[in-house]
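# Observations on chain architecture
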Amino acid sequence: MAIKLNKAFNDLPFLPPKQSLVETIAILKQESKSAVALAELKGLTNTLPNPNILINAVILKEAQASSGIENVITTQDKLYQALYTKSAKPDVTTKEVLRYRQALLMGALLIKEKGFLNTNGIISIQNEL
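Here the structure is a predicted model, which is why all the values come from computation and not from measurement.

### Structural notes on the packing of helix H3 (residues 52–69) against helix H5 (residues 92–114)
For the pair H3 and H5, interaxial distance at closest approach is 9 Å and the crossing angle is 125°. The angle between H3 and H5 falls in the class oblique. With respect to the hand of their crossing, H3 and H5 are arranged in right-handed fashion. Facing H3, whose interface residues are Asn56, Ile59, Leu60, Glu62, Ala63, Gln64, Ser66 and Ser67, H5 presents Val97, Leu98, Tyr100, Arg101, Leu104 and Leu105. Residues of the contact of H3 with H5, tallied by class, amount to 8 nonpolar, 4 polar and 2 charged.

### Things to note about the environment of Glu62
Here Glu62 lies in helix H3. Separated by 44 residues in sequence, Glu62 and Met106 have C-alpha atoms that sit 14 Å apart. Once residues lying within four places of it in the same chain are set aside, the contact partners of Glu62 are Tyr100 and Leu104.

### Here's the deal with the confidence of the model for the protein chain
Residues at a pLDDT of 70 or more form 95% of the protein chain, whose mean pLDDT is 86. Model confidence for the protein chain, summarised as mean pLDDT per element, is weakest for H3 at 84 and strongest for helix H2 (residues 25–45) at 94.

Basis of the calculations
- Residues numbered from 1 in each chain as written.
- Predicted model: local features only at pLDDT ≥ 70, side-chain atom pairs only at ≥ 80, totals over all residues.
- Heavy atoms only, no water.
- Axes fitted to C-alpha atoms, helices over the stretch in contact; angles between N-to-C directions.
- Helix = DSSP H or I, 4+ residues; strand = E, 2+ residues; numbered from the N terminus.
- Parallel < 35°, antiparallel > 145°, perpendicular 65-115°, else oblique.
- Left-handed = near helix turned anticlockwise from the far one by under 90°.
- Contact = heavy atoms within 4.5 Å.
- Nonpolar A, V, L, I, M, F, W, Y, C, P; charged D, E, K, R; others polar.
- pLDDT = per-residue confidence, 0-100.

Structure follows, in structure tokens:
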């Protein structure tokens, strides 16, 4: 089957998807399991001396993975050295991932402060990037 690159793909389903497609028994069961797991994680996070350690690790990993999609590659070691060693001079890709991390943190803070993310918040995040 030949792929036509110069033709728009107009057969995409409309959004939002039909409720019957997304509210299946399997999805609802998984949603329940996920809610329990998140509640347990939240409870365990509060037992840490500094819960931000866990949050920062997750955000840093997300920033690294998302940047990798754009072919901006760095290592966890370089990221942590750049964050926690004052004498470290990070390379260009590490700086890029750290900017992505900062934009994620900014978005989370904006949502926490306002309860939602508006157009001005998105513009602020883009400026950070």
